[in-house]
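One-letter residues, chain by chain:
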Amino acid sequence: MQGLGQRVLVIAVDGWNDAGEAATAAASQLRTSGTFEKVFGVDPELYFDYQYTRPQMQVDADGARRLVWPDATLWRPATPREDGPDLWLLTGTEPARAWQAFSAEFIDAALREDITGIVALGSMMSDVPHTRPISVFAGSENEELRSSLGLERSTYEGPVGILSALAAAGEAAGIPTAGLWASIPHYVAGHTPSPKATLALLEKLEEITGATITRGALPAEALAWEASVDAAAADDEEMTEYIRQLETARDAWDSPEASGDAIAQEFERYLRRRGDGPRGPKDDPRR
């Protein structure tokens, strides 16, 4: 089997795996650019801790107040695409408990939908400059996918998010699975969401699936986001110097002289150093 096939499930959930809201914003862009119908949703009583992820009171268009509970939902495209594969979506909130049962429910639903491949979207805070292209780690535990799509294999060991549980369940069920992780500058925490990272995820998703993905206003929003960070940094000499150092490091990594092995080794060292830091192992893109 080559590639992800023609019925691809894209997963993006709110929570630990979604720095800068980049992954969930990518899923939102996919939803607004097409028409989807609900296929399956879990019982929130089984998987969510309401003291951690509280239900929300919302007012609808008629002015009526209603209680909205945390959820996770599988969405089917209402009409087939004329070019490239069809994209299903799994959106919602990372569950607080029973991850194996949660994953099994969704993978069973994916099998009923004849899903041929899965792509999990995530984003992490990292020591990267906002002035350079957002890097996206593309990896897979599936040897055939790595070969056909030029993906990497992670050597990370440590805590993981729900995306890893879903990916493992998908692979165990025979559905090839890939993961895309965008690196977001950690110093832009006050500039969320991060449309530049969302745009990078969608571009990489388009590349590995062959699906044509509408960007909407994201290119303009990405430029505005970068300009806003530029303006904030311009008033802080220490921040300006720090960004310059990050730019130098990034340019060295991107230079023709930098070998892939050397970059990978340095990245592994960085992850080990950051393991217990404020951005911690949750920021590792290779979960």
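For the structure, see preceding data.
Residues numbered from 1 in each chain as written. Predicted model: local features only at pLDDT ≥ 70, side-chain atom pairs only at ≥ 80, totals over all residues. Heavy atoms only, no water.

Turning our eyes to something else, we now look at the pattern of salt bridges. Scanning the model with the defined rule gives 6 salt bridges in all. Between Arg76 and Glu113 there is a salt bridge, with the nearest N and O atoms lying 2.7 Å from each other. Linking Arg76 in strand β5 (residues 72-77) with Glu113 in the loop between α3 (99-112) and β7 (117-126), this pair joins segments that are 37 residues apart in sequence. Between Glu226 and Lys196 there is a salt bridge whose closest N-O contact spans 2.8 Å. In this pair, Glu226 is assigned in helix α7 (residues 218-234) and Lys196 in helix α6 (residues 195-209), connecting sequence segments 30 residues apart. Taken together, the salt bridges that share partners define one network made up of Glu37, Arg76 and Glu113. (Salt bridge = Lys/Arg side-chain N within 4 Å of Asp/Glu carboxyl O. Helix = DSSP H or I, 4+ residues; strand = E, 2+ residues; numbered from the N terminus.)

For the rest of this paragraph, the subject is the packing of aromatic side chains. Across all of its chains, the model carries 4 aromatic pairs by this definition. A ring pair is formed by Tyr50 and Trp69, whose centres lie 4.9 Å apart and whose planes are at 55°; its orientation type is tilted. Taken as a pair, Tyr50 in the loop between α2 (44-47) and β3 (56-59) and Trp69 in the loop between β4 (65-68) and β5 lie far apart in primary sequence, 19 residues in all. Take Trp69: its relative accessible area is 39%, and that puts it in the partly exposed class. One aromatic cluster in this structure is built from Phe40, Tyr47, Phe102 and Phe106. Seen from the ring of Trp75, Arg31 lies directly overhead, with NZ or CZ sitting 3.8 Å from the centre. (Phe/Tyr/Trp six-rings, centres within 6.5 Å; stacked < 30°, edge-to-face > 60°. Buried < 20%, exposed > 50% of the residue type's maximum accessible area, 1.4 Å probe, protein only. Lys NZ or Arg CZ within 6 Å of the ring centre and 35° of its normal.)

Here we come to α3. The end-to-end C-alpha distance of α3, which contains 14 residues, comes to 20 Å, matching closely the 20 Å that a straight helix rising 1.5 Å per residue would cover. By the burial criterion, the buried members of α3 are Phe102, Ser103, Phe106, Ile107, Ala109 and Ala110. Down the axis of α3, the buried set is contained in an arc of 155°. They therefore lie on one face. Turned more than 90 degrees away from the buried face of α3, the exposed residues are Gln100 and Arg112. Two residues or fewer past α3, Asp114 is found with a positive phi of approximately 60°. (Expected span 1.5 Å × (residues − 1). Arc of directions from axis to C-beta.)

It is worth spelling out a nonpolar patch on the surface at this point. Among the surface-exposed residues, Met57, Leu67 and Trp69 lie close enough to one another that they form a single nonpolar patch of about 290 Å² accessible area. Take Met57: it is sitting in strand β3. Judged by relative accessible area, which is 45%, Met57 ranks as partly exposed. (Patch = residues over 30% accessible without salt bridge, like charges linked within 9 Å, V, L, I, M, F, W, Y side chains within 5 Å. Areas by Shrake-Rupley, 256 points an atom, 1.4 Å probe, with all protein chains shown as cover.)

On to the pairing of β7. For β7, a buried count of 10 out of 10 residues is recorded, marking the element as mostly surrounded by other parts of the structure. Of the two faces of β7, the one holding Gly117, Val119, Leu121, Ser123 and Met125 and the one holding Ile118, Ala120, Gly122, Met124 and Ser126 are both buried throughout. Where strand β1 (residues 7-14) lies against β7, 4 bridges are found, and the strand directions are parallel. Paired with Val8 across the bridge in β7 is Gly117. Sheet topology places β7 next to strand β9 (residues 177-185); 9 bridges connect them, and they run parallel. Bridge assignment links Leu121 to a residue of β9, and that residue is Leu180. (Pairing = 2+ DSSP bridges.)

A few words on the side chain of Asn17. Considering the arrangement of structural elements, one finds Asn17 in the loop between β1 and α1 (22-32). The class for Asn17 is buried, based on a relative accessible area of 0%. There is a polar contact of 3.2 Å between the side chain of Asn17 and the side chain of Glu94. (Polar contact = N/O pair within 3.5 Å; in protein donor to acceptor, adjacent residues only side chain to side chain.)

Positionally, Asp86 belongs in strand β6 (residues 86-93). We classify Asp86 as buried; its relative accessible area is 14%. Spatially, the C-alpha atoms of Asp86 and Thr212 are 9.8 Å apart, while their sequence positions differ by 126 residues. Not counting chain neighbours up to four residues away, the residues in contact with Asp86 comprise Gln6, Arg7, Val8, Pro77, Thr79, Pro80 and Arg81. Reaching out from Asp86, the side chain makes a polar contact with the backbone nitrogen of Arg81 at a distance of 2.6 Å. (Contact = heavy atoms within 4.5 Å.)

In most cases, non-glycine residues show a negative phi, while peptide bonds are predominantly trans. Phi is positive for Glu21, which is not a glycine, with a value near 55°. Despite not being glycine, Ala98 has its phi angle at roughly 55°, a positive value.

On to the packing of α3 against helix α5 (residues 162-172). Across the interface, α3 lies against α5 with an axial gap of 9 Å and an inter-helix angle of 50°. As the angle between them shows, α3 and α5 are arranged oblique. In this structure, the crossing between α3 and α5 has a hand that is right-handed. Counting all contacts with α3, which are made through Trp99, Phe102, Ser103, Phe106 and Ile107, the residues of α5 involved are Ile162, Ala165, Leu166, Ala169 and Gly170. Residues belonging to the contact of α3 with α5 are distributed by class as follows: 8 nonpolar, 2 polar and no charged. (Axes fitted to C-alpha atoms, helices over the stretch in contact; angles between N-to-C directions. Parallel < 35°, antiparallel > 145°, perpendicular 65-115°, else oblique. Left-handed = near helix turned anticlockwise from the far one by under 90°. Nonpolar A, V, L, I, M, F, W, Y, C, P; charged D, E, K, R; others polar.)

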